[in-house]
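Spelled out, the chains give:
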Amino acid sequence: MKGVAYRYKAQRYLKNNRPRKQIYKDLGLSSDFLIRAGAKLELSRTQMLMARLLLEDNDPQNAQKLLKDAWDVISNVNEDLFPADLKQYIAEEDQEELLIRTIVEVGNTLGIVRNEKKLLERIINLTMRFTTAERGGFFLLNEKGQLDLVASRNLDLAMVNAEWFKSNYRIIHDVAKSGKGIIDKGSSGPSITSNNVQKSGFKIFSPVILQDRVLGVLYLDSSIIRRHLADKDLPLLTAIGNQVAIALDNVHAYQEIAELKDRLKEETRFYRMELELPPQLDQIVGRSDGIRFVQNQIKQVASTDSTVLISGKTGVGKELVARAIHGLSARSEGPFIPVNIASLSESLIESELFGHEKGAFTGASQVRRGRFELAHNGTLFLDDIENLSSDAQIKLLRILQERVFERVGGTKTIKSDFRLIAATNQDLEEMIKKHIFRSDLYYRINVFPIHIPPLRERKDDIALLASHFLEMYSTKMRKGIKGLSKYNIKRLTDYSWPGNVRELQHVIERAVILTTGESLKLPNLDEVGASETSEKKYLSLEEMERAYIIDVLEKCNWRVSGDNGAAKLLDLRPSTLYSKIKRLGIQKKVRYIAL
């Protein structure tokens, strides 16, 4: 559309300080083309731009005529589209009536707006309309005593940092320091329609004072004095600023109350959830559908003696679920015997599970009762059951079928009444296909399966778990750390948590250690999530574990135990690390040196 193009051309010429004659010519052509096209709304925009030029060139009569024509069109669409500082030329409003209306609207704004930025922007618009200013801004003191532009109209940070504004910024600082306002007539910054620095305008610096404390300064300016600025204007603006200060104080108090309300709401929901759960489930924190389903499964199977198979990635809390099942069962008064198969070397698994007789092997100086025997009238929890050797799998199958066994090196048959709960982080069905795990044992232990979803699939639980661990470690370390901020919660929920709940627990513990004040200081979280379309090669958990263990072993010169050993660095028992080394097929690289 040619009419719009000529207007844009005129605006560009204004910015480049081209001659006024050419600008008026282009705006005239813009009006002609827009009239022919019947584009009334675009025509009104051209008329407003031309009216501003006429006002700057001291031709208010022609400017008023153009503005009235533009108002007739825009008011039928949306009155807010018409600039507030130009409305005075289309309505013959008495100055006293304008003052009264401004005071009433300021009062209404202070009473209903509870957002700091929106509140200040509304006050700027009202004071600009009253003073006929072209631009305005609120500069508030920050914690460091510096003045920041927090809300504005026709004024941005680039303008504030410009050379022409430096003198204004000095005055703003002086007003903030003294608490006394200033009206400077006869000078202004650049016109909003051009880059020319105007000399016939005004600047207003009005302090915002709460009791005896200056919160900031309201700044207004114009390239043209369109109305008489009386001495009473400054006290009025100062009074408005004082009311704004009270409103700001209320806004901050409201925000604190809102944050406390949200925090209380979350805490109430958390504690209500804890009260609704049996005592044995109080450590299984979460409100997601996935974790509530797990809780229901626990309650359903706990009253039976059925064998349970708990599956889930490392760190999801499989032992916690097993303990909850035991605590809700009729065997709760009996022992809960946990065994981590992965932590036992293959040569010791049978001795640990079945026990041994004196002299059964070298070092067996006395009779030792095994875990199956210790679990009599209680619950035996076998974690990482996929690590059982073929021989141990056969013996376990027999025990589950007949409930009898013999100690290593013994012939006496021992009976044990125990409930078995097994756990795995592997796909046992896939291991059956590879002939690593026995299918008959799998069907025997998979009577009642419970799958615990990984933490990344239950984002709703992250904030509750983090709060739980924060309270636990803050109390333990005697640190008065307040709750999690929304920013920290977002960081936690955005992370993929490959280590699941255990990783989250360690992150919060580390954060509590690092924090010295009341606000929790989270360490850097390495985001491992990637898009499905990424061409990055992903390793399996077993491959990653193997590579990491080799890296640590090389760092420790392939020493496993001792103070400088890999086991200590990995926070594992030496026997557990030996088991993992064997299972993963890790061998020390021997380098030969030619002589």
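Residues numbered from 1 in each chain as written. Predicted model: local features only at pLDDT ≥ 70, side-chain atom pairs only at ≥ 80, totals over all residues. Heavy atoms only, no water.

> When you look at the sheet that holds strand S6 (residues 308-311) in this model, what are you seeing that I'm missing?
Pairing in this open sheet of five strands is parallel, and the strands run S7-S10-S13-S6-S14 from one edge to the other. Looking along the sheet, the strands with just one partner apiece sit at the ends: strand S7 (336-340) and strand S14 (448-451). Adjacent strand axes in the sheet meet at a mean angle of 20° when their direction is disregarded. (Pairing = 2+ DSSP bridges. Helix = DSSP H or I, 4+ residues; strand = E, 2+ residues; numbered from the N terminus. Axes fitted to C-alpha atoms, helices over the stretch in contact; angles between N-to-C directions.)

> Help me out: how do you make sense of the confidence of the model for the protein chain in this one?
Parts of the prediction with low pLDDT should not have their coordinates interpreted in detail. Confidence in the prediction for the protein chain averages 81 pLDDT; 85% of positions are at 70 or higher. Scored below 50 in pLDDT, residues 273-279 shows eight contacts in the model against residues more than four places distant or in partner chains. Scored below 50 in pLDDT, residues 590-595 makes zero contacts in the model with residues more than four places away or belonging to other chains. (pLDDT = per-residue confidence, 0-100. Contact = heavy atoms within 4.5 Å.)

> Could you clarify how one ought to interpret the packing of aromatic side chains in this entry?
The description of an aromatic ring pair rests on the distance of the ring centres and on the angle between the ring planes. Scanning the model with the defined rule gives 14 aromatic pairs in all. Note on Phe205 and Tyr219: the rings are 5.3 Å apart at their centroids and 55° apart in plane angle, and the pair reads as tilted. With Phe205 in strand S4 (residues 202-210) and Tyr219 in strand S5 (residues 213-222), this pair connects stretches of sequence that are 14 residues apart. Grouping residues by exposure puts Phe205 and Tyr219 together as buried. Consider the rings of Tyr495 and Trp497, whose centres lie 4.6 Å apart with planes at 85°: the pair is edge-to-face. Here the two residues Tyr495 and Trp497 agree in accessibility, since each one is buried. (Phe/Tyr/Trp six-rings, centres within 6.5 Å; stacked < 30°, edge-to-face > 60°. Buried < 20%, exposed > 50% of the residue type's maximum accessible area, 1.4 Å probe, protein only.)

> Quick question: what am I supposed to make of the pairing of strand S2 (residues 147-153) here?
Moving residue by residue along a regular strand, the side chains alternate between the two faces of the sheet. Two strands pair when backbone bridges link them, and strand S1 (residues 135-141) and S2 are joined in this way by six bridges, in the antiparallel orientation. If you follow Phe138 over to S2, its bridge partner there is Ala151. Following S1, the chain reverses through five residues before pairing antiparallel with S2; Gly145 in that reversal takes a positive phi of roughly 80°.

> What should I look at first to understand the environment of Thr411 in this one?
Relative to the helices and strands, Thr411 resides in the loop between strand S11 (404-406) and strand S12 (413-415). Given the relative accessible area of 77%, Thr411 is considered exposed. Separated by 54 residues in the primary sequence, Thr411 and Glu357 place their C-alpha atoms 9.4 Å from one another.

> Help me understand the nonpolar core, please; the structure alone is not making it clear to me.
Of all hydrophobic cores here, the largest spans 31 residues; its most connected members are Leu353, Phe372, Leu380, Leu382 and Ile445. Here this core gets five residues from one element, more than from any other, and that element is helix H14 (residues 390-402). With 29 residues, the next largest nonpolar core counts Leu120, Ile204, Leu248 and Val251 among its residues. (Core = buried A, V, L, I, M, F, W, Y, C linked by side-chain atoms within 4.5 Å.)

> Quick question: what am I supposed to make of the pattern of salt bridges here?
Note on pairing: side chains with opposite charge can pair once their charged atoms come close. Per the counting criterion, the structure on display carries 25 salt bridges. The partner of Arg45 in a salt bridge is Glu42, and the shortest N-O contact between them spans 2.9 Å. Of this pair, Arg45 and Glu42 both sit in helix H3 (residues 40-56), three residues apart, which is roughly one turn of the helix. Between Arg407 and Glu373 there is a salt bridge, with the nearest N and O atoms lying 2.8 Å from each other. (Salt bridge = Lys/Arg side-chain N within 4 Å of Asp/Glu carboxyl O.)

> Any chance you could explain helix H6 (residues 116-131) here in plain terms?
Under the 1.5 Å per step criterion, the end-to-end length of H6 is 22 Å for 16 residues, consistent within 8% with the ideal 22 Å. Listed in full, the buried residues belonging to H6 are Leu119, Leu120, Ile123, Ile124, Leu126, Thr127, Met128, Arg129, Phe130 and Thr131. Regarding H6, its N-cap is Asn115, as a side-chain oxygen of that residue lies 3.2 Å from the backbone nitrogen of Lys117 further along. Just past H6, the residue Thr132 takes up positive phi, approximately 60°. (Expected span 1.5 Å × (residues − 1). Polar contact = N/O pair within 3.5 Å; in protein donor to acceptor, adjacent residues only side chain to side chain.)

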